[in-house]
Amino acid sequence: MSREPYNHALIEEKWRDFWRERGFFKAKIHDTSRKFYYLNMFPYPSGKLHAGHGRNYILGDAIVRFLLMRGWNVLNPMGWDAFGLPAENAAIEQGVHPRDWTWQNIREFKRQFRAWGVEYDWDREIATCEPDYYKWTQWLFLKLYEKGLAYRAKGKVNWCPHCEVVLANEQVIGGRCWRCNSPVEKRELEQWYFKITAYAERLLRDLEKLDWPEHVKKMQENWIGRSEGAEVVFRAEAGQEIRVFTTRPDTLWGATFLVLAPEHPLVAELTAAERRAEVKAYQEATDRLTEVERTSTEKEKTGVFLGTYAINPVNGERIPIWIADYVLPGYGTGAIMGVPAHDERDFLFALKFGLPVIPVIAHPEGKAKAYVPAGSFPQELPRALASAGFSPREENGALFLEFSQEETDRVTDVLKEHLSSRGWAAVVGKGWQIVFAKETLNIGSVAEERKALIELQNRDPRFTSKRTVAEILWDVPFLRDLLFHAGFGTMVNSGPLSGTPGEEAFSQTVEWLSQKGFGKKTVSYKLRDWLISRQRYWGAPIPMIHCPRCGIVPVPEKDLPVRLPEVKRIGKLGLADIPEFISTTCPRCGGPARRDTDTMDTFVDSSWYYLRYISPKDDARPFDPELVNQWLPVDLYVGGVEHAILHLLYSRFITKFLYDLGLLSFDEPFKRLFTQGMVTYPAYWCPTHHWIPPKEVVEGNRCPKCGAELVVSVVAMSKSKKNVVSPDELIAQYGADTERLYTLFMGPPEKEIEWSEEGVRGCFRFLHRFWNLALSIIERAASAAGEPDPQNFGPKEWEIWGKLHATIKKVTEEFEGRLALNTAVAAIMELVNAVSEYLEDPKADAQLLRRALRDTILLLSPFTPFICEELWQRLGEGKAILETPWPAYDPKALEGGEVEIPVQINGKVRARLRVPRSLAKDQKALEELVLQSPAVREKLGEMKVVKVIAIPEKLVSLVAK
RNA sequence: GCGAAGGUGGCGGAACUGGUAGACGCGCUGGACUUAGGAUCCAGUGGCGAUGAGCCGUGCGGGUUCGAGUCCCGCCCUUCGCACCA
C-alpha cells in the first residue's frame, strides 16, 4: 500500500507562522488569576544559534506549550542581552557599528527560533542596548547611588590585559578572565562599585526559600563564604592598633607572629627604617603577580619582616610583624595572627622563616608520641618504660613510643629519671615537652621555646644551625603528624583558658576576649563589592558627572538616558575617546564638567530585565509595580549553570534592593530554577591549523590541510572550537521536529551530554513510524464516532487503554515535576509501539484507535508541534492543538487488564503469573492464587512454604524449606 | 585539600516511597524489499551455558532484609564547583 510519505519540509513550513498568527503565545497581562511566568535566560546575540542552544529554548518551548494546554496564562517573553564586548570588538575589527552587528545577529536568532517552532510573546521583546531600556539601567544606578550603595573607590582591581577592561570578582574564574581565559592582573584604579556586601547575610539566608538545584545554592553559599570568627586587636610597640581576623580565637596563645597583606595601609608606618627598601621591593613584586600566581597553593611561602613588633594582648608576648602575599587585602581585616602550630599555611611560613611554633591545642584524637634519639639513653630506659606498662620500639639506637595523652606525665617522669646526662627526648601530643635528665621543659611560650632550643644546642652541636625547636622536631619523621593540626581540641598553654575542651574552646575564648576588651565576635564574608565600571563603549553609560567645583554629581533623572554618542568609528578607549561625549555642564552649578566615561558591566543590564518584560514600552518608569508584583517572582527560570553565581547572584541582590525601596513586594526574583546541561561534541585540534570542524576531518583523525594527527576532545559546542552542529542543516535534512525530539530525548536535561548524529536519526525514524501509524489510523478510524467503551474491551484493548492513560499520567507528571522529559518521550514511544502492534489486529476497536491517536498527538505536541498540528488537522479536530485541553488520565483505566506477578521462591524469581488486576490488588486472593498455581507448586517440589509475602500488584515472595 | 554529584550492557540512558534490573533509543547480528544502500521494514540482542533448565550480573568488600541498583558501614574511581578566605 502506498501512502503519503512524511514530508517534514512541507509540513513545517505550513505551520511555522500559525501559532504566532493565532496569538497563542501572547500573555493576557491584566488577567493574573491563572498566571505562569516562564522565563528562559535571554541570550547574548553572538552570531548564530547552534544545536547546543536548543537545550535551553526547545525545552522552554515544550514546557510552555504544555502549560498553555493546561490552561495557564503563560508569560513567555524573549529579549536580548545586547551590550557587550564581542559586538564592540567586531566593530573595531570590521568597522561596523556594534548596534548594526548586534541587530543583524538578533534577526538571525529570530529566524532560527521560528525555524525551530520556538515561540515567544514577541510584543514584549527587549534589547538592553536600546536607550528605552538602558535609560532604566541608569535609573537603577542612580537609585543605588542615592541609597549609598553605589560608590566610587580607589583600589587594586582585576584587570584583563586581553580585553583591556576591569572585571568583577565573580568574573575571575580561577584567576583568569571569564571571557577570554587570560590571567588576570592587578591595577590600581578608581572605579564604581555596588555594595552587594551589604546584602551578604540576606543573600545567604534566603537561599533557603528557593526551589533551586542544591548544587547551585551551595555554589552561592560558598561564594558568599560566611565565616564566624573574632576580631582581635594587637598593639604595635609603636602604638598602632592592628586588627586581626581569625576563625580560631582559641589558638590565640599560640600566635608567634603577625602577617599583614603587603597592601595593608599600616605597612609603611610599621616598617623599621632599615627595612624600608626590602619591604618596598616585596610590595612591588606582589603587585606584579597575577591572581593565578599569587593564589597558587603550590607556591612556596614568601614574606618580609618589617623589623617591628606587636604585643599579643592575651599573654603579652612580643611577636614580629611580617608581610606576606598569602594574606589577601580584601578578606577579613587584611591581617592575620600567625599560629603555626594550628594552621598549615602559618606552619609552612614559620618553618621557612625560623619562627617559633607553640602548640596550644592538644591533638584531638588524644594521641601522643615520644622520641628519644640514639645516644640519649642507657639500656635501662626501655626496661623502665616496659615496667611502667609501655611498649617502646627501638630502631637504629633510637626509641619510639606511642601512648595516649593522659599518660604524658608518666612518660615524661620515666624519661626524666633515666635519660643520660647529655641526652634529651621529645614528647608531643598534649603540647610539646622537651625532656632532659632531671628536667622537663614545656614549650608553652616563646621564652620557653628559646630556652629549650639553647639547651638542645648545648647538647648536640648539629643543632646550632637550627633556628627553632620545631625545625629540630620536624626532622624526626615519626613525630611529624603530631607537630601540626588544625582540629579543635583541649586548650593547653593558654593561660586562664587552659583545659577548656575543644567543643567549648571557640565560644569560651570569644566571651573571655570581649570581657577583657581584647576583641569581639565577628562575621566575615568572602563576597566583595561588585565592581561595575567598564572602560568600554558598548554598554550603558554611567550617569555621573565630574564637576571641578561640585565634585561627583549624578545626572538628574529627567535627563536620562545618557545616550551613547553616535560615532562612525569606535576607538580602543571607548567613551574616553569621544570628546563631544565627555564635555557637559554640571547639573548643580551649570559650569563646565566632564561625564563619567565608563559604561556599566553588562551584568547590571541583565540584573533586572525580568521586570521590564511586564511593561516593556513604559517610558515613565522601569516597570509597572502593580503588575510586576502580581506576575513575579518568576515561576520557572531556565538557563545554564554557568550563571550559577554571576547573573543569579546579581539579580537576587537587585531584587532585594528594589524590595527595600518598596517597589517590589517580593525579595527573590526566581522561585524555581532549572539549569540545563551543555551539549558536547568532539573538537579537533591541529597544532598548526588550530580548530578543525568535525566535518572536514580526514580519515584517521587527520588534518585536511597538513595531514597531521589531530587531538580530539569532547567539549561543549562553541563557535570558537568549531565543533557546533548547525540547526539549519539539521532542519533541512531531518526537520525541526526531529531536532526538537532528539534534543529532549537524548538524556536528562540537566546533565551534560554528547550530541549524536545516530541518535538524531533514531528520532527521525520514530517520527516516520508515528506518521505512518497516524495515517493508517486516520484512514481506518477517523470517522469512528464516539468514545471507546470499556464495556466492550477484551484483554488487548484493556492493555492499550491502560497504557494510554499510564502514558498521559507519566508525561503530565514529568512536565509538572522534575522535567526528565527524556523519560516522557520514552513513554510515548512505548505507547506508539504498543498501538502499532495493536493496529495489526484487523478487529481492533476503531474508537479506541482513534482515541489513542488523538491523545498521542496531544502528548507529543509540545515536543514535535509541526507534525502534530498537521496530523491533528487531518484527524479532523476542529480547533488548534493549543486551544485543546491537555488530556486527562482516568484512574479507572489504570485498574483494568492484567498484570504479571513474579513469584519469588527464596529470593529468586521462579515463576510469573498473569493475574487480573482486580485480583492482584487483593493481598489475600493473590496469596491464594499463587499458592494454588500449578507452575508454582511444581517449582516448590518437596519444599514446604514457611512464609508468604504478597505485595499487591507487585510480586509474591515465598520462603520455603 | 574542602564541598557536591555520580559509577548500571558495546553506547546515551530507564527503574516512583526497597519489590520482575537493563524501559526507550543508538549500535550490532540475521532476514525482507532492492541494480545498490550508509534508505525503509521485520526479528534477535547483559554475560556464561547448545536452543533447555540453570548460574552469574548495577565500581569493590562487608552488613540489614523474604527481597538491595535503591538502606547502613568501610574502601576505590570519575565529574563538577571552590581553593593560601586566616
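Computed from a predicted structure; not experimentally measured.

A.B. asks: Explanation requested: the overall build of chain A in the structure shown.
C.D. replies: Per the secondary structure count, chain A includes 33 helices and 39 strands. In terms of overall dimensions, chain A has a C-alpha envelope of 110 × 105 × 65 Å along the principal axes. Burial analysis of chain A (961 residues in total) assigns 55% to the buried set. Long-range pairs, those at least 24 residues apart, make up 72% of the contacts in chain A with a sequence separation of at least 6. Roughly 41000 Å² of accessible area belongs to chain A as shown, and the carbon and sulfur atoms make up 50% of that amount. Separation of charge centres in chain A, based on 125 positive and 130 negative side chains, amounts to 1 Å.

A.B. asks: Can you help me understand the packing of aromatic side chains in this one?
C.D. replies: The geometry of two aromatic rings is summed up by the distance between their centres and the angle between their planes. Evaluation of the coordinates by the stated rule reveals 60 aromatic pairs. With a centroid separation of 6.4 Å and an interplanar angle of 40 degrees, the aromatic rings of Phe113 and Trp116 are classed as tilted. You can see Phe113 and its partner Trp116 sitting in helix α5 (residues 98-116), three residues apart, about one turn around the helix. With respect to burial, Phe113 and Trp116 carry one shared label: buried.

A.B. asks: Would you explain the sheet that holds strand β31 (residues 673-676) in this entry?
C.D. replies: The strands making up a sheet associate through hydrogen bonds between their backbones, and the pairing can be parallel or antiparallel. In spatial order, the strands read β2-β1-β30-β31; together these four strands make up an open sheet with parallel pairing. The open sheet is flanked by β2 (73-75) and β31, the only strands paired with a single partner. For this sheet, the mean angle separating the axes of adjacent strands, direction not counted, is 20 degrees. When strand β30 (residues 636-640) meets β31, the two strands line up parallel, connected through four bridges. Looking across to β31, one finds that Gly639 is bridged to Thr675.

A.B. asks: Just checking my understanding: could you explain the environment of Leu355 for this structure?
C.D. replies: Relative to the assigned elements, Leu355 resides in the loop between α12 (344-353) and β16 (367-372). Looking at Leu355, the relative accessible area reads 6%, which means it is buried. For the pair formed by Leu355 and Phe666, sequence separation is 311 residues and the distance between their alpha carbons is 54 Å. When near neighbours in sequence (up to four residues on either side) are disregarded, Leu355 contacts Phe257, Pro320, Trp322, Phe349, Ala350 and Thr468.

A.B. asks: Please clarify how the pattern of salt bridges should be interpreted in this entry.
C.D. replies: Two side chains of opposite charge can pair, provided their charged atoms sit close to one another. This structure, assessed with the given rule, holds 81 salt bridges. Linking Asp635 and Lys671 is a salt bridge whose minimum nitrogen-to-oxygen distance equals 3.4 Å. You can see Asp635 sitting in the loop between α22 (625-631) and β30 and its partner Lys671 sitting in the loop between α23 (646-660) and β31, a full 36 residues away along the chain. Arg850 is paired through a salt bridge with Glu877; the nearest N and O atoms lie 3.3 Å apart. Of this pair, Arg850 sits in helix α29 (residues 846-860) while Glu877 sits in the loop between α30 (865-875) and β36 (898-905), placing them 27 residues apart in sequence. Note on accessibility: Arg850 and Glu877 belong to one class, buried.

A.B. asks: Quick question: what am I supposed to make of the protein's contact with RNA strand B here?
C.D. replies: Inspection of the region around RNA strand B gives 52 residues, with Thr247, Lys301, Tyr331, Arg345 and Arg912 positioned closest. Backbone sugar and phosphate groups make up 64% of those atoms of RNA strand B lying within 4 Å of the protein. One of the side-chain N or O atoms of Tyr331 is found 2.3 Å from a phosphate oxygen in RNA strand B. Here a phosphate oxygen of RNA strand B and a side-chain polar atom of Lys908 are 3.3 Å apart. Among the elements of the structure, α8 (214-224), β11 (241-246), α26 (757-781), α28 (821-839), β36, β37 (908-916), β38 (945-951) and β39 (955-960) are those that each provide at least two residues to the surface near RNA strand B. Tallied by class, residues from the surface near RNA strand B come to 18 nonpolar, 13 polar and 21 charged.

A.B. asks: Please clarify how the nonpolar core should be interpreted in this entry.
C.D. replies: If you look at soluble globular proteins, the nonpolar side chains tend to sit buried side by side. With 194 residues, the main nonpolar core has Trp755 and Phe863 as its most contacted residues. With 13 residues, α26 is the largest single contributor of residues to this core. Not counting residues within four places of it along the chain, the set of residues in contact with Trp755 comprises Ala51, Val679, Thr680, Tyr681, Met717, Val725, Leu730, Glu739, Tyr742, Thr743, Met746 and Val760. Membership of the second largest hydrophobic core comes to 75 residues, among which are Met337, Leu355, Val428 and Val476.

A.B. asks: Could you clarify how one ought to interpret the state of the cysteines in this entry?
C.D. replies: In total, this model carries zero disulfides according to the counting rule given. Distance from the sulfur of Cys589, which forms no disulfide, to the nearest cysteine sulfur (Cys550) is 3.7 Å. Overall, Cys589 belongs to the partly exposed group, its relative accessible area being 37%.

A.B. asks: What is the right way to look at the packing of α28 against α29 in this model?
C.D. replies: The description of two helices packed together rests on the angle between their axes and the distance between the axes. Two elements in contact, α28 and α29, have axes separated by 11 Å at closest approach and are oriented at 160 degrees. Taken together, the axis directions place α28 and α29 in an arrangement best described as roughly antiparallel. You can see that α28 and α29 cross each other, and the crossing is left-handed. On α29, the residues that touch Ile828, Leu831, Val832, Val835, Tyr838 and Leu839 of α28 are Leu848, Leu849, Ala852, Thr856, Leu859 and Leu860. Here the contact of α28 with α29 is composed, by residue class, of 11 nonpolar, one polar and no charged.

A.B. asks: Would you explain a nonpolar patch on the surface in this entry?
C.D. replies: Taken together, the side chains of Val946, Ile949, Ile951 and Val959 make up a nonpolar region of the molecular surface, amounting to roughly 280 Å² of accessible area. If you tally residues by element for the nonpolar patch, the top one is β38, at three residues. Here Val946 falls in the exposed class, since its relative accessible area comes to 52%.

A.B. asks: Whenever I open this one, the packing of α29 against α30 confuses me. Can you help?
C.D. replies: For the pair α29 and α30, interaxial distance at closest approach is 9 Å and the crossing angle is 150 degrees. Judged by the inter-axis angle, α29 sits roughly antiparallel to α30. Where α29 crosses over α30, the handedness of that crossing is left-handed. Together, Arg850, Leu853, Arg854, Ile857, Leu858 and Leu860 of α29 and Cys868, Leu871, Trp872 and Leu875 of α30 make up the contact between the two elements.

A.B. asks: What exactly am I supposed to notice about the confidence of the model for chain A here?
C.D. replies: It should be kept in mind that the predicted coordinates are not to be read in detail where pLDDT is low. For chain A, the average pLDDT comes to 90, and 100% of its residues sit at 70 or higher. What the predictor reports for the complex is a pTM of 0.91 with an ipTM of 0.94.

A.B. asks: Help me out: how do you make sense of unusual backbone geometry in this one?
C.D. replies: When glycine is set aside, most residues are seen to have a negative phi, and most peptide bonds are trans. The residue after Leu560, namely Pro561, is reached through a cis peptide bond having omega -5 degrees. As for its placement among the helices and strands, Pro561 is situated in the loop between β26 (551-554) and α19 (579-582). Omega for the bond connecting Leu632 with Pro633 falls within 30 degrees of zero, at 0 degrees, which places this linkage in the cis form. By the secondary structure assignment, Pro633 is in the loop between α22 and β30.

Calculation rules
Residues numbered from 1 in each chain as written. Chains lettered and ligands numbered in written order. Predicted model: local features only at pLDDT ≥ 70, side-chain atom pairs only at ≥ 80, totals over all residues. Heavy atoms only, no water. Helix = DSSP H or I, 4+ residues; strand = E, 2+ residues; numbered from the N terminus. Buried < 20%, exposed > 50% of the residue type's maximum accessible area, 1.4 Å probe, protein only. Contact = heavy atoms within 4.5 Å. Areas by Shrake-Rupley, 256 points an atom, 1.4 Å probe, with all protein chains shown as cover. Lys, Arg positive; Asp, Glu negative; His and termini not counted. Charge placed at Lys NZ, Arg CZ, Asp CG, Glu CD. Phe/Tyr/Trp six-rings, centres within 6.5 Å; stacked < 30°, edge-to-face > 60°. Pairing = 2+ DSSP bridges. Axes fitted to C-alpha atoms, helices over the stretch in contact; angles between N-to-C directions. Salt bridge = Lys/Arg side-chain N within 4 Å of Asp/Glu carboxyl O. Near = heavy atom within 4 Å. Polar contact = N/O pair within 3.5 Å; in protein donor to acceptor, adjacent residues only side chain to side chain. Nonpolar A, V, L, I, M, F, W, Y, C, P; charged D, E, K, R; others polar. Core = buried A, V, L, I, M, F, W, Y, C linked by side-chain atoms within 4.5 Å. Disulfide = S-S within 2.5 Å. Parallel < 35°, antiparallel > 145°, perpendicular 65-115°, else oblique. Left-handed = near helix turned anticlockwise from the far one by under 90°. Patch = residues over 30% accessible without salt bridge, like charges linked within 9 Å, V, L, I, M, F, W, Y side chains within 5 Å. pLDDT = per-residue confidence, 0-100.

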